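As a plain string of letters, each chain reads:
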Amino acid sequence: MQKINFIKMDKSDCRYDLYINILKEELVPAMGCTEPICLAYAASKAREVLGSEPNKVDILASGNIIKNVKSVIVPNTNGMKGLKASVAIGIIGGDPTKELEVIANVTEEQKQKTQEFLDTTPMNITHINSEEQLDVTIKLYKDGHSASVRIAGFHTNIVHIQKDTNVLYKSTSISKPSAKLTDRSILSMEGIYDFANSVNIDDVKEILERQLKYNKAISEEGLKNDWGANIGSLLLNNYGNDVKVKAKAWAAAGSDARMNGCEMPVIINSGSGNQGITVSMPVLAYAKEYNIEEERIYRALVVSNLTAIHQKTLIGRLSAYCGAISAGCAAACGVAYLLGEDLETISKTLTNSLAVTSGIICDGAKASCAAKIATAVETGLMGYYMCKNKKNFCDGDGIIGNGVEKTIKNVGTLASKGMRETDKVIIDIMTE
């Protein structure tokens, strides 16, 4: 392995604490696909505000919420899918204090009661046009009273709470919900590399240790048992036991389980459990293969996690652009760092891989996400091995910009602006 050239970003650097805050904000636990969980969280909070079980429900949701909830199994519902199931389980069994683990402690009795609630309670779904790709309002009614909760921008960002005609809470940043988060524009590949080199491991160890523990557990579950299309097992059984195959399979297996109702929590990245699994499991696979020491693994995870977040800052939380792609490409950057590569190689890895797979669409959360994850990791690793063999795509080729930061910006523009109409068409097809 090459020796890493350390560039010091000490604690006096204003970016140091911001980078740590970003990791703390993004790498949080969630049980189940985060869009259904967002609905369940809003519903549980609305139930708390109303003070009783409603006899009528209105669900107002942006297109990307509808897209990502339609086909994925909601945990703790005995295999149910869809917006109504997500809201119903939040009303009946949700604990709003748990946020993205809102339905982690649902009982068997509550599962049965949720089905009864769905059978007897009118629930209306309205597709809303919103400037926010992630926007949902849950309105509950009972005996002349009502309660509503709106979440927008990111999955736990409550921006409005109302009971009857009384506004109990209204965010001052309702037009820019992301203002509650640390400014991600501080991120750069050079900064990420410097931070990974110099961060005091004790400042990030607990966050990253938990990510490996949770995501490894659900990956092992996905390989052990029958979940979805079993993409992880398929790869290992048919493509061999090479580390490149393991990297894809371990990531895909976690998604196999998660997209198909597994009730184990994951540590997310950029609001997505699939992306959290994808940025971490390939790094772990390579670390095990080459017997890498623990500290180096954590530094590599800093690279993969922050590289994914850096890309998603411009892409957006939800879009027509498949988030597994940004995560898979970021994972390869983490692998490159793990194996001792310098900033130039890591940057070329990202550029090469983004040049190949940036057209893959997101058509919602479901079993096929695992296969897209495998494709993303494979492309990321190809981008790395291209660079190792001194074969790189050139600046100006297609969407590749003049340097890695320009390429990241170009992909963000493609996803957030160029694919808006694509997103509308995808949602139309899915809701036809």
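Keep in mind that what you see is a predicted model, and the values were worked out from it rather than measured.

### Let's talk about the nonpolar core
- Residues Leu39, Val57, Val87, Ile103, Ile138, Phe195 and Leu306 are the most contacted members of the largest nonpolar core, which totals 123 residues.
- No other element matches the 10 residues that helix H2 (residues 34-50) contributes to this core.

### Brief notes about the sheet that holds strand S4 (residues 135-142)
- One open sheet accounts for 6 strands, arranged S3-S2-S4-S5-S6-S7; its pairing is mixed. Every interior strand has two partners, whereas the edge strands, strand S3 (123-127) and strand S7 (166-170), have only one. Between one strand axis and the next, the sheet turns through 10° on average, direction left out of account.
- Sheet analysis places strand S2 (residues 56-61) next to S4, joined by 6 bridges and oriented antiparallel. Among the inter-strand pairings, Asp58 is bridged to a residue of S4, identified as Lys139.
- Contacts from helix H4 (residues 83-93) reach S2, S3 and S4, with the element oriented near 125° to S2.

### Some thoughts on empty space enclosed by the protein
- This model, assessed by the stated rule, comprises 2 cavities of 30 Å³ or more.
- In this structure, the largest cavity encloses a volume near 310 Å³.
- If you go around the largest cavity, you meet 28 residues; those closest to its centre are Asn68, Ser272, Asn274, Gln275 and Cys362.
- Of all the elements in the fold, those that place two or more residues in the lining of the largest cavity are H2, helix H10 (273-289), helix H12 (323-338) and helix H14 (369-388).

Scoring rules and cut-offs
Residues numbered from 1 in each chain as written. Predicted model: local features only at pLDDT ≥ 70, side-chain atom pairs only at ≥ 80, totals over all residues. Heavy atoms only, no water. Core = buried A, V, L, I, M, F, W, Y, C linked by side-chain atoms within 4.5 Å. Buried < 20%, exposed > 50% of the residue type's maximum accessible area, 1.4 Å probe, protein only. Helix = DSSP H or I, 4+ residues; strand = E, 2+ residues; numbered from the N terminus. Pairing = 2+ DSSP bridges. Axes fitted to C-alpha atoms, helices over the stretch in contact; angles between N-to-C directions. Contact = heavy atoms within 4.5 Å. 1 Å grid on protein atoms, 1.4 Å probe; cavity = no way out; pocket = protein on both sides within 12 Å on 5 of 7 lines; lining within 4 Å. Points joined across faces, edges and corners; volume = space filled by probe spheres on them.

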